[in-house]
Amino acid sequence: MELTNDERLLAMLIYLISFFTAFIGPLIIWLIKKNDSDFIDFHGRQYLNLFISSTIYFVISAILAIIVIGLFLSAIVGLWVFIITIVAAVKAFSGEYYRIPFTIKFL
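A quick note: this is a predicted structure, and the numbers were derived from the prediction, not measured. Counting of residues starts from 1 at the beginning of each chain's written sequence and follows it residue by residue. Two thresholds apply to this predicted model, a pLDDT of at least 70 for residue-level local features and 80 or more for giving and counting side-chain atom pairs, whereas whole-chain, interface and lining totals are computed over all residues. Neither water nor hydrogens contribute to the side-chain values; these are computed over all heavy atoms in the structure.

A. Region of interest: the packing of aromatic side chains. Aromatic rings from Phe, Tyr and Trp, taking only the six-membered ring of Trp, are treated as a pair when their centres fall within 6.5 Å; an angle between ring planes under 30 degrees marks them as stacked, one over 60 as edge-to-face, and anything in between as tilted. The full count for this structure, using the stated rule, is 8 aromatic pairs. Ring centres of Tyr15 and Tyr47 lie 6.2 Å apart, and the angle between their planes is 80 degrees; this geometry places the pair in the edge-to-face category. Of this pair, Tyr15 sits in helix α1 (residues 5-16) while Tyr47 sits in helix α4 (residues 38-64); the two residues are 32 residues apart in sequence, bridging distant segments of the chain. Residue exposure (1.4 Å probe, protein chains only): buried if accessible area is under 20% of the type maximum, exposed if over 50%, otherwise partly exposed. Assessed through its relative accessible area of 0%, Tyr15 is described here as buried. Judged by its relative accessible area of 6%, Tyr47 is buried. Taken together, the ring pairs in this structure connect Tyr15, Phe23, Tyr47 and Phe51 into an aromatic cluster. The ring centre of Phe93 lies 4.9 Å from the NZ or CZ of Arg8, which sits over that ring. Here a strand is any run of E in DSSP of at least two residues, a helix any run of H or I of at least four, and the numbering for each starts at the N terminus. The criterion for a charge sitting over a ring is simple: Lys NZ or Arg CZ within 6 Å of the ring centre, and within 35 degrees of the ring normal.

Shown next, in the form of structure tokens:
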């Protein structure tokens, strides 16, 4: 089945809007459109899994900050989230079902 431009654009928007609203924007798009498109549902789930996983990784980093390594780990996780969000947005716009690496599958 051919993806529409709207599906690809909304899937990409899930990732891009996260730079401004972190959780609420992607969640709203996903909740409104998840039943209309399997593609948007897939990318919404991928982003929410990324958000939950990165939150867990940041909490672990904060705990490890006591022994300094957490500061470096936090910087690495932040950079990874930034880069992977851009990569996932590009993949979504190109119509790919992209699985984000190192995320825990909650949804």
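Next comes the rest of the description.
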